[in-house]
Amino acid sequence: MTINIILVDDHLLMLMGLKELLEKEADFHVMNALSDPINLEQIIQSDPPDVLVLDVRLKNTNGIDLTRRIKKTRANLKIVILSGYTFDEYIEAARLAGADAYVTKEESNMKLASVIRQVCQGEKVFPNLHPDIPSESLTPRERDILKLIAADMTTTEISEKLSISKRTVEYHISSIMQKLGADSRVGAVVNAIKKGLLSV
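Residues numbered from 1 in each chain as written. Predicted model: local features only at pLDDT ≥ 70, side-chain atom pairs only at ≥ 80, totals over all residues. Heavy atoms only, no water.

Asker: Requested: an account of the packing of helix α3 (residues 63-73) against helix α4 (residues 88-97), with residues and values cited.
Answerer: Between α3 and α4, the least distance of the axes is 8 Å, while the angle of their chain directions is 10 degrees. When the axes of α3 and α4 are compared, the pair comes out roughly parallel. Where α3 crosses over α4, the two elements pack in a sense that is right-handed. Counted together, I64, T67, R68 and K71 of α3 and Y90, A93, A94 and A97 of α4 form the full contact between these two elements. Tallied by class, the residues present in the contact of α3 with α4 amount to five nonpolar, one polar and two charged. (Axes fitted to C-alpha atoms, helices over the stretch in contact; angles between N-to-C directions. Helix = DSSP H or I, 4+ residues; strand = E, 2+ residues; numbered from the N terminus. Parallel < 35°, antiparallel > 145°, perpendicular 65-115°, else oblique. Left-handed = near helix turned anticlockwise from the far one by under 90°. Contact = heavy atoms within 4.5 Å. Nonpolar A, V, L, I, M, F, W, Y, C, P; charged D, E, K, R; others polar.)

Asker: Tell me about the pairing of strand β6 (residues 78-83), and name the residues and values.
Answerer: In regular strands, side chains alternate between the two faces of the sheet. Of all six residues in β6, five are buried; the element is thus mostly enclosed. As paired strands, strand β3 (residues 51-55) and β6 are joined by five bridges and run parallel to one another. Bridging from a neighbouring strand, L52 pairs with I79 of β6. Both β6 and strand β7 (residues 101-104) contribute to a ladder of four bridges, which runs parallel. What sits directly across from L82, in β7, is V103. In the classification by handedness, the crossover that spans β6, the intervening α4 and the parallel β7 is right-handed. (Buried < 20%, exposed > 50% of the residue type's maximum accessible area, 1.4 Å probe, protein only. Pairing = 2+ DSSP bridges. Right-handed = clockwise from strand over helix to strand, strands pointing away.)

Asker: I'd like a rundown of the pairing of β3, residues and numbers included.
Answerer: The buried fraction of β3 amounts to five of the five residues, a majority that puts the element mostly inside the structure. Alternating residues of β3 divide into V51, V53 and D55 and L52 and L54, and every residue in both groups is buried.

Asker: Describe in detail unusual backbone geometry, supporting the description with residues and values.
Answerer: Its identity as a non-glycine residue notwithstanding, D152 has a phi of 70 degrees, on the positive side. One can find D152 in the loop between α6 (140-150) and α7 (155-162). Phi angles above zero are rare outside glycine, and S163 is one such case at about 55 degrees. Structurally, S163 can be placed in the loop between α7 and α8 (166-179). On the basis of relative accessible area, S163 is assigned to the exposed category, the value being 66%.

Next comes the structure, spelled out in structure tokens:
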């Protein structure tokens, strides 16, 4: 069985290199290699592939938004996100958008070929997220305190605002820093923003 593939990557060298490598696989046929996804949905409409390989970052858009849009009308189309980043946020966003796999550009081309075959067999292939303690483990009180830290309030100000002792505030701050893998208040705020716990 031939697997028909469309590639989308705005780095032309990467795109051509990828096309050449995938076409060496006997069961692959690269139908199209696009450096600009502007006509992608139209192309898929008229001649749908089996697998779409999308770069996560594209000019004027990104692979995750495109995945979300395409999956609304073509739920069965397999989508592999290709990325130079292993950020947990990207991996999780790709999964939530409906992608079938997430492959980093550092991994071998053999890995990409293997993942393409796996998704065609109905598998989902994602890297393991880094073993951070999940953000849900912050208690409601810790979330409140985190917001106040982000608002640049001191321990004394927080204790007065929440009517709790300074020692209790310090205990919560220590717990927040531990859960967010930070060694300072600023680090805790930065990590919380990265995890989507705080909006800026």
